[in-house]
Amino acid sequence: ACSRQLAYEYLQIKAKRGNVMTLEFVIHVSIAGFLATYFHLVLAAWGDKMGMARIDFSRGMTNVTFGESYEGEAPLSLGLAQIHLNGILFALLYASVVAKYIPVENLVLKGFIFGEILWVISGLFFIPVILQGGLFGTKHHPKAWMTTAFGHGAWGVTLGWLSPIL
């Protein structure tokens, strides 16, 4: 019982310093990740209004993940939920592990850098290998790289602005 009490007190001290993942931290980061993902999706959907490609990430994720599971069109809500879960999971990864290794003090810039790191990984691996869309999605649209860079950057800026980090 004594060691359990010591462990509890140790975690309480760490939580006050902000060095431990509390439920409040997870909820705060999850909300930040959800909102950042919302802006990412909206800006990509508005891409054509800004001289870029219009990209419907939700429809794409629905088709690649669930398309063969349904006889007709898979529900768009499945892709929307998956995109938001991805955004939340990447936000938790950023806030709990990665942010402390990005060597800038400005939190918005730190988030932007992480968003663009994800863009590069997506453009070099996920889009060409999983989606068969060419590097940075250029098989889908010649300006897809602009939309995806802008969307990931906006995701990162929003995350850096709203999310606490350990």
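Residues numbered from 1 in each chain as written. Predicted model: local features only at pLDDT ≥ 70, side-chain atom pairs only at ≥ 80, totals over all residues. Heavy atoms only, no water.

Bringing the environment of N106 into the picture now. Topologically, N106 is positioned in the loop between α4 (76-98) and α5 (107-130). For N106, a relative accessible area of 44% puts it in the partly exposed group. (Helix = DSSP H or I, 4+ residues; strand = E, 2+ residues; numbered from the N terminus. Buried < 20%, exposed > 50% of the residue type's maximum accessible area, 1.4 Å probe, protein only.)

In terms of nonpolar packing, the biggest core is built from 16 residues, with V29, Y94, F114, W155 and L159 touching the most fellow members. Looking at this core, the elements that each hand over two or more residues are α2 (23-45), α4, α5 and α6 (144-162). The element that contributes the greatest number of residues to this core is α4, accounting for 6 residues. Apart from the residues lying within four places of it in its own chain, the contact partners of F114 are F90, L93, Y94, V98, I102 and W155. (Core = buried A, V, L, I, M, F, W, Y, C linked by side-chain atoms within 4.5 Å. Contact = heavy atoms within 4.5 Å.)

Let us now look at the pattern of salt bridges. This structure, assessed with the given rule, holds 1 salt bridge. Here D48 and K49 are joined by a salt bridge, their closest N and O atoms 3.7 Å apart. Look at D48 and you get partly exposed, because its relative accessible area is 39%. Judged by its relative accessible area of 67%, K49 falls in the exposed class. (Salt bridge = Lys/Arg side-chain N within 4 Å of Asp/Glu carboxyl O.)

To continue, consider α2. Here α2 is 23 residues long and its end C-alpha atoms lie 33 Å apart, about the 33 Å a rise of 1.5 Å per residue gives. Every buried residue of α2 is accounted for by F25, V29, S30, A32, G33, A36, T37, H40, L41, V42, L43 and A44. Tucked inside the fold, the buried residues of α2 contact α3 (57-66), α4 and α6. (Expected span 1.5 Å × (residues − 1).)

Glancing now at the confidence of the model for the protein. For the protein, per-residue confidence averages 87 on the pLDDT scale, and 90% of positions sit at 70 or higher. Within the protein, the element-level pLDDT minimum falls on helix α1 (residues 2-17), averaging 65, and the maximum on α2, averaging 95. (pLDDT = per-residue confidence, 0-100.)

A few words now on the packing of α2 against α6. The N-to-C vectors of α2 and α6 enclose an angle of 155 degrees; their axes lie 8 Å apart at closest approach. As the angle between them shows, α2 and α6 are arranged roughly antiparallel. Crossing geometry of α2 relative to α6 is assigned as right-handed. Along the contact surface, α2 presents H28, A32, G33, L35, A36, T37, F39, H40, L43 and A44, while α6 presents T147, F150, G151, H152, A154, W155, T158, L159 and L162. Taken together, the residues of the contact of α2 with α6 sort by class into 11 nonpolar, 8 polar and no charged. (Axes fitted to C-alpha atoms, helices over the stretch in contact; angles between N-to-C directions. Parallel < 35°, antiparallel > 145°, perpendicular 65-115°, else oblique. Left-handed = near helix turned anticlockwise from the far one by under 90°. Nonpolar A, V, L, I, M, F, W, Y, C, P; charged D, E, K, R; others polar.)

Within this structure, the stated rule accounts for 3 aromatic pairs. Residues F114 and W155 carry aromatic rings whose centres are separated by 5.9 Å and whose planes lie at 40 degrees to one another, so their mutual orientation is tilted. Of this pair, F114 sits in helix α5 while W155 is found in helix α6, placing the two residues 41 residues apart along the sequence. Across this residue pair, the class does not change: F114 and W155 are buried. What links up through ring pairs into an aromatic cluster is the set Y94, F114 and W155. (Phe/Tyr/Trp six-rings, centres within 6.5 Å; stacked < 30°, edge-to-face > 60°.)

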